[in-house]
Amino acid sequence: MIPDADIAIVGAGVMGLALAYNLASDRRGSGGKRIVVVDGHYLAWGASGRNGGGVRQQWSTEMNVRLMQESMNICAHFAKRMRINVWMRRGGYLFLARTEAAARRLERNVAVQSRCGLETEMITPGEAQALVPELAVEPFVGACYNPSDGIVFPWPFLWGYAHAAAKHAVAIHTSTPVTAIARRAGGGFRITTPAGTFAAERIVCAAGAWSPEVARLVGASLPNRPQRHEIMSTEPLKPFLKPMVTVSETGLYVSQSLRGELVGGISLPAEDDGGEVRLGSRLAFATTMARALVSLMPRLGHVKVVRQWAGPYDLSPDGDPIVGELPDVPGFHVVCGFRGHGFMMAPVVARHFAAYLSGGRPHEFLSAWSPARFTAGTPPRAGGGEEMFIG
Amino acid sequence: MARKVILCRCEDVTLADVQHAVRLGYTDVEEVKRYTGFGTGPCQGKECLRGIVAAIAVTAARDPSTLAPFTSRPPLVPTELALLAGAGAAPPRPPKRK
C-alpha cells in the first residue's frame, strides 16, 4: 500500500531523496505535506551510486560557481547533520590543460571564480608537479587548482538523505517501478505501480537519464538523452594523491578516496545508444583509461584495477539542466539533465527547488533551466555558457 | 572469546554490520553491498560473498536460494594498469630467423 501524496517524487537517487528531505523538513509546508518517493530499483542502483563522488566549485558561470559553493557548504556539514560518515576529503581539484586554448579557458574561468571569492589559481605545470609529484607534466601548458574542492563516497550520501527523509515521515518505496500515470480531471495524478495505485497532487520526476521514460507516461517528451560513461577503481593504496586530477582535453579524472582506492574515468568517443540507457562495461574503456593514466602518472603502471562499471550521463540539448514544471502538463515537474554533475549539485538544487515548491521565492536557476525553453516555437539558445564539464 | 566476526576482510565488514543493515531493511545482496561496502575490495566478493549471503539469510529469515549474488564486474582478477595499457597494441613480431 502506498499512501496518497501531495508530492510524489519518481526516482530515489540523490536528487529525489534530497528533494524529499528538503520538502519534508521545510517549515512552510509543515502540517499535511505528504511526500512519497518511488523507485524501480534499490537505493544507489542508478547514476547516484555509480559516479566518482567529485564535488567542485570550479565552474565557468557565476551562477554555477555560487551554487556549488553553497552545495560544498552543505556537503561539509552533511556528516554531522545527518549523522553518517560520507568519507569526505577536501584535497582540491587540479585541472590540467594541454593546449593554449584550453589554458586560456581555465584562465577565464579562474577570473569568474575569483569574483565569487574562490581561491582558485592558475599554476604552472611545475607547480602542479609540486602538488602531485607523480605527474608527468611535459604535455601540459597550464593548470589551475582550487584547494577547497573535494570528494565524497556517494553511497552513504544516499543513506543520509533517505534516513533523514524517513524521519520526517517521507514514505520511500524502492523496487516499485511506476508503470502508468493517469491525469485526473480537475488536476493531480493517479500513479500505478506493482505495489498498488496512489494519488498525487503533484509529481516531480527526478529519474536522471531515465526521466524521458517517466515523462512519456504522462504523454510528455523530454529532449534529454542518456550517454554511457565508464569508471574504474583500483586496489587501495597508501594516501599519496591530494587533489582530484583532471585533464581538460580528454575528460580524464582521477582521485584517491579515503578508502585508498584510485577512482577515475575518461571520455570515449560518443556512441549513439539510440536513447536507451546502456550500462555494459567495455574493454575499450579499460585500455583507454589505463593508457591515459599511466602516461599521466607513469609510476601507477603496477597498480591493479579491481573493478570497472558504467553509469549514464543525462544530457540536455544545450548542456544545461532541465528543472521546473512541464508547460503542457500542469503539476508535473522535472529535475534532470545534469550531465554527470547531478550528484554534486543535488544538495543545493534540491534545497532551492524544495523551497520553491513549498511556496518560496524561485532561485534564478529556475528561469535559466526552465523546461519551457524546449517547447515548439521557442528559438534555440546557446545555454548558460558553462564550459567546465568533465567527460 | 572475541565476539567480532569479520566476514569481509578487504573492507573490514563484520557480522554485526550485516545484521545492522538487515535491521534497517536492506535485505538484498546489492543493498547490503552498498550499505556496508562489502565485496568492493581486492577480492571483489570472491572470499566473502557466501558468508555474507548466509548472514543475510539467517538474519532476514530469507531462503538463501532467493538471494542472487551482486553483479560481477570486470576484470576477472585484479589487473595491472600497465597490462591494460598494453592491450590492443600491435603484438610484438616474432624474431626473424637468420
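Residues numbered from 1 in each chain as written. Chains lettered and ligands numbered in written order. Predicted model: local features only at pLDDT ≥ 70, side-chain atom pairs only at ≥ 80, totals over all residues. Heavy atoms only, no water.

**Some points on the confidence of the model for chain B**
Residue and element names in this part refer to chain B. Per-residue pLDDT for chain B has a mean of 90; in total, 89% of the residues score no lower than 70. Mean pLDDT across the elements of chain B bottoms out in helix α2 (residues 29-36) (95) and peaks in strand β3 (residues 79-80) (97). Of the two predicted TM-score estimates for the complex, the pTM is 0.94 and the ipTM is 0.91. (pLDDT = per-residue confidence, 0-100. Helix = DSSP H or I, 4+ residues; strand = E, 2+ residues; numbered from the N terminus.)

**Examining the packing of aromatic side chains**
One pass over the full model with this rule turns up 16 aromatic pairs over all chains. Pairing phenylalanine 157 of chain A with phenylalanine 343 of chain A gives two aromatic rings, centres 5.5 Å apart and planes at 65 degrees, and the pair type is edge-to-face. Of this pair, phenylalanine 157 of chain A sits in helix α5 (residues 154-167) while phenylalanine 343 of chain A is found in helix α8 (residues 342-357), placing the two residues 186 residues apart along the sequence. Residue classification places phenylalanine 157 of chain A among the buried residues on the basis of a relative accessible area of 1%. Positioned over the ring face of tryptophan 59 of chain A is arginine 56 of chain A, at 4.2 Å from the centre of the ring. Across from the ring centre of phenylalanine 70 of chain B, 4.5 Å away, lies the NZ or CZ of lysine 33 of chain B, which sits over that ring. (Phe/Tyr/Trp six-rings, centres within 6.5 Å; stacked < 30°, edge-to-face > 60°. Buried < 20%, exposed > 50% of the residue type's maximum accessible area, 1.4 Å probe, protein only. Lys NZ or Arg CZ within 6 Å of the ring centre and 35° of its normal.)

**Regarding the pairing of strand β6 (residues 142-146) of chain A**
Residue and element names in this part refer to chain A. Counting buried positions along β6 gives five out of five residues, so the element sits mostly inside the fold. Burial along β6 is two-sided: Gly142, Cys144 and Asn146 and Ala143 and Tyr145, pointing in opposite directions, are all buried. Alignment of strand β5 (residues 121-123) against β6, held across three bridges, turns out to be antiparallel. Pairing of isoleucine 123 across the sheet is with alanine 143, part of β6. (Pairing = 2+ DSSP bridges.)

**Concerning the interface of chain B and chain A**
Taken together, the contacts link 25 residues of chain B with 29 residues of chain A. Across the chain B/chain A interface, buried area totals approximately 2,600 Å², and carbon plus sulfur atoms make up 63% of it. Three residues stand out in chain B for area buried against chain A, namely Arg34, Arg73 and Leu81 of chain B, and they jointly supply 29% of the buried area on that side. The interface formed by chain B and chain A contains one salt bridge. The tally of links from chain B across to chain A stands at 12 residue pairs in polar contact (both at pLDDT 80 or more). Contributing elements (two or more residues each) for the side of chain B that touches chain A: α2, β3 and α4 (81-86) of chain B. No other element matches the five residues that α2 of chain B contributes to the side of chain B that touches chain A. Here the residues of the side of chain B that touches chain A sort into 13 nonpolar, five polar and seven charged. Direction of pairing for strand β16 (residues 304-315) of chain A relative to β3 of chain B: antiparallel, over a ladder of two bridges. (Contact = heavy atoms within 4.5 Å. Buried area = accessible area lost by both parts, 1.4 Å probe. Salt bridge = Lys/Arg side-chain N within 4 Å of Asp/Glu carboxyl O. Polar contact = N/O pair within 3.5 Å; in protein donor to acceptor, adjacent residues only side chain to side chain. Nonpolar A, V, L, I, M, F, W, Y, C, P; charged D, E, K, R; others polar.)

**With respect to unusual backbone geometry**
Note that the residue after proline 74 of chain B, namely proline 75 of chain B, is joined by a cis bond; omega there is 0 degrees. Relative to the assigned elements, proline 75 of chain B resides in the loop between α3 (49-60) and β3. Although it is not a glycine, arginine 339 of chain A adopts a positive phi angle of roughly 55 degrees. The residue arginine 339 of chain A is located in the loop between β18 (332-336) and α8 in this model. Owing to a relative accessible area of 24%, arginine 339 of chain A belongs among the partly exposed residues under this scheme. The phi dihedral of glutamine 44 of chain B is positive, around 50 degrees, even though this residue is not glycine.

**Quick notes on the sheet that holds β6 of chain A**
In spatial order, the strands read β5(A)-β6(A)-β4(A)-β13(A)-β14(A)-β15(A)-β12(A)-β16(A)-β3(B); together these nine strands make up an open sheet with mixed pairing. The open sheet is flanked by β5 of chain A together with β3 of chain B, the only strands paired with a single partner. In the sheet, strand β4 (residues 93-97) of chain A pairs with β6 of chain A via five bridges, with the strands oriented antiparallel. Among the inter-strand pairings, leucine 96 of chain A is bridged to a residue of β6 of chain A, identified as alanine 143 of chain A. Contacts from helix α3 (residues 100-115) of chain A reach β4, β5 and β6 of chain A, with the element oriented near 155 degrees to β5 of chain A. (Axes fitted to C-alpha atoms, helices over the stretch in contact; angles between N-to-C directions.)

**As for the packing of α5 of chain A against α2 of chain B**
Following both chains from N to C, one finds α5 of chain A and α2 of chain B inclined at 100 degrees, their axes separated by 8 Å at the closest point. Taken together, the axis directions place α5 of chain A and α2 of chain B in an arrangement best described as roughly perpendicular. In this structure, α5 of chain A contributes Trp155, Trp159 and His163 of chain A to the contact, and α2 of chain B contributes Glu31, Lys33, Arg34 and Tyr35 of chain B. A class-by-class count of the residues in the contact of α5 of chain A with α2 of chain B yields three nonpolar, one polar and three charged. (Parallel < 35°, antiparallel > 145°, perpendicular 65-115°, else oblique.)

**Here's the deal with the nonpolar core**
Residue and element names in this part refer to chain A. Ile9, Leu19, Phe157, Tyr161, Val335, Val349 and Trp369 are the most contacted members of the largest nonpolar core, which has 78 residues in total. Considering each element in turn, this core owes the most residues, 10 residues, to α8. Among all residues touching tyrosine 161, those that are not within four sequence positions of it are Val14, Leu17, Ala18, Tyr21, Ile74, Phe78, Met82 and Pro347. With 33 residues, the next largest nonpolar core counts Ala128, Tyr145, Val294 and Val303 among its residues. (Core = buried A, V, L, I, M, F, W, Y, C linked by side-chain atoms within 4.5 Å.)

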